[in-house]
Amino acid sequence: MSLEENEILEGRQGEVLAREDSSFARASKKLYIESYGCQMNFSDSEVVASIMTKNGFSTTRDVDEADVVLINTCSIRDNAEKRVRKRLTEFKKKKEKNPEMVVGILGCMAERLKKSLLEQEKLVDLVAGPDAYRDLPNLIEEVGTGQRAVNVLLSRDETYADISPVRLDKGGVSAFVTIMRGCDNMCSFCVVPFTRGRERSRDPETIVQECIDLLSSGYREVTLLGQNVDSYRWNVSNKGEIKDKELPTVNFAQLLEKVAKVSPDLRVRFSTSHPKDMTDDVLHAMAAYENICNYIHLPVQSGNTEVLKRMNRGYSREWYLNRIEAIHQIIPDCAISTDIISGFCGESDHEHDDTVTLMRLVAYDFAYMFKYSERPKTLAERKFKDDVPEEVKSKRLTEIIENQLTYSLASNKKRIGKVEKVLVEGVSKRSEEHMSGRTGRNSMVVFPVGDFQKGDYIQVKILNCTSATLLGEVIEN
Ligand code: 5AD
Ligand code: SF4
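From a predicted model like this one, the values you see are computed outputs, not experimental measurements.

1. Some words on the overall build of the protein chain
No. 1: If you tally the helices and strands in the protein chain, you get 14 helices and 22 strands.
No. 2: A globule of 477 residues ought to have a C-alpha radius of gyration of about 23 Å, and the protein chain, at 22 Å, matches this closely.
No. 3: Here the C-alpha coordinates of the protein chain stretch approximately 60 × 60 × 50 Å along the principal axes.
No. 4: Counted over contacts in the protein chain with a minimum sequence separation of 6, partners at least 24 positions apart contribute 72%.
No. 5: Total accessible area on the protein chain is roughly 20900 Å²; 49% of this is exposed by carbon and sulfur atoms.
No. 6: Averaging the locations of the 68 positively and 75 negatively charged side chains of the protein chain gives two centres separated by 2 Å.

2. Section: the site of ligand 2
No. 1: In the neighbourhood of ligand 2, the contacting residues comprise C183, N185, M186, C187, F189, C190, V192, P193, Q227, H274 and R313.
No. 2: Of the residues belonging to the shell around ligand 2, the class tally is seven nonpolar, three polar and one charged.

3. Observations concerning the packing of helix α3 (residues 78–97) against helix α4 (residues 109–120)
No. 1: At a closest axis distance of 13 Å, the pairing of α3 and α4 adopts a crossing angle of 45 degrees. On the basis of their axis angle, the class for α3 and α4 is oblique. The two elements α3 and α4 cross, and the hand of that crossing is right-handed. Side by side, α3 and α4 meet where E81, V84, R85 and L88 of the first sit next to M109, R112, L113, S116 and L117 of the second.
No. 2: Considering only residue class, the contact of α3 with α4 consists of five nonpolar, one polar and three charged.

4. What about the packing of helix α9 (residues 280–288) against helix α11 (residues 317–330)?
For any two helices packed against each other, one specifies the crossing angle of their axes together with the interaxial distance.
No. 1: Where α9 meets α11, the axes come as close as 10 Å, and the angle between the chain directions of the two elements is 25 degrees. With respect to each other, α9 and α11 are oriented roughly parallel. Of the two possible hands of crossing, α9 and α11 adopt the one that is right-handed. Packed against α9, whose contacting residues are D280, L283, H284 and A287, the element α11 presents R323, A326, I327 and I330 at the interface.
No. 2: Here the contact of α9 with α11 is composed, by residue class, of five nonpolar, one polar and two charged.

5. Observations concerning the side chain of N185
No. 1: Considering the arrangement of structural elements, one finds N185 in the loop between β9 (180–181) and α6 (192–196).
No. 2: Exposure remark for N185: the relative accessible area of 16% places this residue in the buried category.
No. 3: A polar contact is formed between the side chain of N185 and the side chain of K276, at a distance of 3.0 Å.

6. Focus on the domain arrangement of the protein chain
No. 1: By the assigned domains, the protein chain splits into domain 1 (3–151), domain 2 (174–413) and domain 3 (419–475).
No. 2: Computed over C-alpha atoms only, the centres of domain 2 and domain 3 are separated by 26 Å.
No. 3: Each partner contributes residues to the interface: domain 2 has 20 residues there, and domain 3 has 17 residues.
No. 4: Buried surface at the junction of domain 2 and domain 3, summed over both partners, amounts to about 1400 Å²; 47% is from carbon and sulfur atoms.

7. Overview of the environment of H284
No. 1: Within the secondary structure, H284 sits in helix α9.
No. 2: A residue is classified by how much of its surface remains accessible, and H284, at 45% relative accessible area, is partly exposed.
No. 3: Residues H284 and T355, spaced 71 residues apart in sequence, show a C-alpha to C-alpha distance of 28 Å.

8. Remarks on the site of ligand 1
No. 1: Ligand 1 sits among twelve residues. The nearest are R77, F189, Q301, D339 and S373.
No. 2: Residue Q301 places a side-chain N or O atom 2.6 Å away from an oxygen atom belonging to ligand 1.
No. 3: S373 places a polar main-chain atom, nitrogen or oxygen, 2.7 Å from a nitrogen atom of ligand 1.
No. 4: Calculation on ligand 1 without its partners gives an accessible area of 400 Å², and the protein chains cover 92% of this total.
No. 5: When residues of the shell around ligand 1 are traced back to their parent elements, those giving at least two are β16 (335–342) and β17 (366–371).
No. 6: Both domains that meet at the shell around ligand 1, namely domain 1 (3–151) and domain 2 (174–413), each give it at least three residues.

9. Observations concerning the pairing of strand β11 (residues 221–225)
No. 1: Counting buried positions over the five residues of β11 gives five, a clear majority of the element.
No. 2: The alternating pattern of β11 places E221, T223 and L225 and V222 and L224 on opposite faces, both of which are buried.
No. 3: Taken together, the five bridges between strand β8 (residues 174–178) and β11 define a ladder with parallel strand orientation. The residue bridging F176 from the neighbouring strand is T223, located in β11.
No. 4: In this sheet, strand β14 (residues 267–271) lies alongside β11 in parallel orientation, the contact comprising five bridges. Along β14, the bridge assignment pairs E221 with R267.

10. Thoughts on the sheet that holds β16
No. 1: Across the sheet, which stays open at both edges, the three strands sit in the order β15-β16-β17 with parallel pairing between neighbours. On the outer flanks of this sheet lie β15 (295–297) and β17, each paired with one strand and no other. Between one strand axis and the next, the sheet turns by 10 degrees as a mean value, whatever way the strands run.
No. 2: Note that β15 and β16 share three bridges and pair parallel. Bridge pairing links H297 to S337 in β16.
No. 3: Where helix α14 (residues 390–413) meets the sheet, it contacts β16 and β17, and its direction lies at approximately 175 degrees from that of β17.

Each value, and the rule that gives it
- Residues numbered from 1 in each chain as written.
- Chains lettered and ligands numbered in written order.
- Predicted model: local features only at pLDDT ≥ 70, side-chain atom pairs only at ≥ 80, totals over all residues.
- Heavy atoms only, no water.
- Helix = DSSP H or I, 4+ residues; strand = E, 2+ residues; numbered from the N terminus.
- Rg over C-alpha atoms; globule rule 2.2 N^0.38 Å.
- Contact = heavy atoms within 4.5 Å.
- Areas by Shrake-Rupley, 256 points an atom, 1.4 Å probe, with all protein chains shown as cover.
- Lys, Arg positive; Asp, Glu negative; His and termini not counted.
- Charge placed at Lys NZ, Arg CZ, Asp CG, Glu CD.
- Near = heavy atom within 4 Å.
- Nonpolar A, V, L, I, M, F, W, Y, C, P; charged D, E, K, R; others polar.
- Axes fitted to C-alpha atoms, helices over the stretch in contact; angles between N-to-C directions.
- Parallel < 35°, antiparallel > 145°, perpendicular 65-115°, else oblique.
- Left-handed = near helix turned anticlockwise from the far one by under 90°.
- Buried < 20%, exposed > 50% of the residue type's maximum accessible area, 1.4 Å probe, protein only.
- Polar contact = N/O pair within 3.5 Å; in protein donor to acceptor, adjacent residues only side chain to side chain.
- Domains from an automatic or database assignment.
- Buried area = accessible area lost by both parts, 1.4 Å probe.
- Pairing = 2+ DSSP bridges.

This is the structure in C-alpha cells:
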C-alpha cells in the first residue's frame, strides 16, 4: 500500500451529504478528520465519517471551525509517528484558544501511545483504536463531561460490514472497499499485527453490495483492501470466517470474480498480495476478466533468502521469482510493483546486493522503498539488533531508488506508441488544459482536455513519458 501520504478528508462529501441526508442541514457539530499512512487508514476514515454523520456531525475542511478534530494515525515507521506528533502539537495550540474543541487520535498509534498522549503529554482528549470506531459518539460524549476517553480494544470479528462509508472523494471515480481487517502474518519488522489485531474477513455479500452501490452512484473503480488479501476466506455455511477446510468457503479468487461480475464497467483492483499466499487461481481470475486490472502489488521486502527468513516472510528468493514467472505466464501484460526495506537487522553488503539483482531481474514497474525503522513490540525488536548504521541504510536506499527510477522509466518508455484504455479521473494537477487518468496497469496518463468527463473510459495513444507519468493524445472516446 502507498504510505505516508496525507490528505484532508473532506473533499466534496459535504455536498453529497446535503443531498443524501436531510439531517445535514440541521447538523450543528463539525468534524475535521485527517489521515496518515496506508489506504486502509483512508478507508477507515470513511467509515468514521459515516458513523459521525449518522450522529449529527457534518464535515469541514477548516480545522478552525471544527468542534471535533480526529487524526487517523500510522505507526509503520518512526517518521510517520513523528509527523502525527508534530500535528498534534499544532492542534494543542488551537485548543488553547478554543478549549471546547475535542481532539482525538484514531488508528494505529492509539494502543501504544494512549497513555503518553492522554495522560503525560496531554495532547489529546480521546483515543480510539481501529476496532473502536462505533464507540466514537460515546467517547465524544464522555469528553463532554470532562473525562478523557479511551477505547483501544481490538476485536476478533469487527469488520464494519454493515456501515456504508461516506466517500471522501477521489473525484467520485475510484473507491476503496475494505474486505478484511488485521493481519496474522507476524513479519518480524511489522507493527501491524499489534496495532490492528487478528485477521478477519468480511461477508462477501456486503462487499458485492457495496460495489453495486458504488457503481450506481457513478464510481467506475474499486480497490479491494486487506493487509493480505490472498488469505481472505469466508465460511459460507457458518456465515463467518472460520477457516474450516471441510466447509464451503469463498476464497479471494472467488471474491474477485464475484466483484468483477458486478459490471464490466467497474474496474477492480486489490492490495496487498502476499508472495507466500498468492495463488494461480487469483492470476487466472485476473486473466479471465478484462475489468480486473493487470496490476499486482507484490511486496518482496528483500531479495535475499536469509534476510527473508529473519523477516519471517515465509518465502525464499526462488519462491518469489517463481511467483513473478507465474504472473508473466498467466497474465502477459501485467504491471508489478513492490515494497522494499533497506538495512534490515544484520543485512550485509552481499545480502543488499541480492535485493539489487532481484530488482534487475523483475524490473518492477513501480516500487515503494523504505529504510528499516525498528518498531516497538515487533519480533525484530525482541530478537535482532538494529545494527545497520544509518548512513549505510541511506546509501543502500539511494541505490535502490536510483535503480528503480531507471526501471520505471524503461517500463513507461515501452508504452510509447501503444494505445491504452484510460479511466478519466479529473483535471490534471499541473494544468487546467489537461486531464489525467490511469491505465489498467496503474500508470498515470496525462492528456489534453476533450469531449469527455471524469468516469469515462477513453483510448489514449501514448506519445511521451517521464519515469512517473505517460503523456498522450485521445484517439477515441
Ligand atoms: N520499517 C520500514 N518499513 C516497513 N514496512 C513495514 N514495517 C516497516 C518497518 N518497520 C514497509 C514494508 C511494508 C510496507 C507497508 O511498509 O515494506 O510492505
Ligand atoms: Fe505487516 Fe507482514 Fe502483515 Fe503486511 S503481511 S501487514 S508486512 S505483518
